[in-house]
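Given next are the chains, with one letter for each unit.
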Amino acid sequence: MTHTDIADRRPLIRTEGLRKVYTTDEVETTALNNVTLDIKTGEFIAIMGPSGCGKSTLLNILGLLDQPSGGSFVFDGTDVSGFNERRRADLRRGTLGFVFQSFNLIDELTVYENVELPLLYLSLSSAERKERTEAALDRVGMAHRRDHFPQQLSGGQQQRVAIARAVVASPQLILADEPTGNLDSSNGDEVMKLLSELNEAGATIVMVTHSPADAEFAHRVINLFDGQVVSEHFMEKEYALPHQSGE
């Protein structure tokens, strides 16, 4: 399929005039300025731009970790731009998955316990948590390391565990912040292939990256500069989109 097929998908994220301003006693800094986006269900988006252009700020707002200063942010048909922290946290559970450059695994927990952690905040039986955790570890090829601790794993293995944790609750959206930034090229390529497979299976992915090679895995690249969208383009390739019920 091509980008024409994407246009027919329902929007998962829609922002209009999104702004984020940080204010101190002496300085007011505009991190995002009038950002308007439309991200469809099933898309794989790469957000690129120089350091300090607002990429991570945008990702934090899309991930409901931060609140915009102005503009609208509609997530899956609901305007969430005015949500307080409690309402944002409620929506994050089971809806969003996060993959960070630094993995953010808990050293004192085993691989299995790290992956199971997001499920502890959902109303699931222990049997269902076990089934989902084991399935997520199988999906990323880390079931054989389930009883190891993060420090016993390579960087590539840790990121695979982090991805398993991100997808264990079957989220609608995966947000990845420089997911290969701490990996060598071989492990980085494996992680990107894994993210691509998750996208093909149905997940919408928004990824911040400095890497043109990583951006090649995306359907669309959005370029930011000084807190604004300066360009966006579809990658010149055909790609498969997951089937959606009712289509």
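Residues numbered from 1 in each chain as written. Predicted model: local features only at pLDDT ≥ 70, side-chain atom pairs only at ≥ 80, totals over all residues. Heavy atoms only, no water.

Asker: Got a minute to help me understand the side chain of lysine 20 in this structure?
Answerer: Mapped onto the elements, lysine 20 comes out in strand 1 (residues 11-23). Judged by its relative accessible area of 10%, lysine 20 is buried. One polar contact links the side chain of lysine 20 to the main-chain carbonyl oxygen of glutamine 67, over a distance of 2.7 Å. Leave out the neighbours within four places in its chain, and lysine 20 touches Thr29, Thr30, Ala31, Leu32, Thr57, Ile61, Asp66, Gln67, Pro68 and Ser69. (Helix = DSSP H or I, 4+ residues; strand = E, 2+ residues; numbered from the N terminus. Buried < 20%, exposed > 50% of the residue type's maximum accessible area, 1.4 Å probe, protein only. Polar contact = N/O pair within 3.5 Å; in protein donor to acceptor, adjacent residues only side chain to side chain. Contact = heavy atoms within 4.5 Å.)

Asker: Explanation requested: the packing of aromatic side chains in the structure shown.
Answerer: In this description, an aromatic ring pair is defined by two values, namely the gap between the centres and the angle between the planes. Scanning the entire structure with this criterion turns up one aromatic pair. Across the ring face of phenylalanine 83, the terminal group of arginine 87 is positioned such that the distance to the ring centre comes to 3.8 Å. (Phe/Tyr/Trp six-rings, centres within 6.5 Å; stacked < 30°, edge-to-face > 60°. Lys NZ or Arg CZ within 6 Å of the ring centre and 35° of its normal.)

Asker: Just to check I follow, could you spell out the layout of surface pockets for this structure?
Answerer: To find leftover empty space, one rolls a probe the size of a water molecule over the atoms. Taken as a whole, the largest pocket holds about 560 Å³ of empty space. If you trace the largest pocket, you find 18 residues lining it, with Arg92, Leu96, Phe98, Pro118 and Tyr121 closest to the centre. Where the lining of the largest pocket is concerned, the elements lending two or more residues are helix 3 (85-92), strand 6 (96-100) and helix 6 (155-167). The element best represented in the lining of the largest pocket is strand 6, accounting for four residues. Looking at the lining of the largest pocket residue by residue, the class counts come to eleven nonpolar, four polar and three charged. (1 Å grid on protein atoms, 1.4 Å probe; cavity = no way out; pocket = protein on both sides within 12 Å on 5 of 7 lines; lining within 4 Å. Points joined across faces, edges and corners; volume = space filled by probe spheres on them. Nonpolar A, V, L, I, M, F, W, Y, C, P; charged D, E, K, R; others polar.)

Asker: Please explain the nonpolar core as it appears in this structure.
Answerer: As a rule of thumb, soluble globular proteins bury nonpolar side chains together. Among the nonpolar cores identified, the biggest contains 40 residues, and Phe44, Val115, Leu137, Val161, Ile163, Ile174 and Leu195 are the most heavily contacted of them. For this core, the elements supplying multiple residues, two or more each, are strand 3 (44-48), helix 4 (111-116), helix 5 (126-139), helix 6, strand 7 (173-177), helix 7 (185-200) and strand 8 (204-208). Not counting residues up to four positions away in its chain, the partners in contact with valine 161 are Leu105, Val111, Val115, Met142 and Leu153. Ranked by size, the runner-up nonpolar core spans 27 residues in total, among them Ile39, Ile47, Phe75 and Phe98. (Core = buried A, V, L, I, M, F, W, Y, C linked by side-chain atoms within 4.5 Å.)

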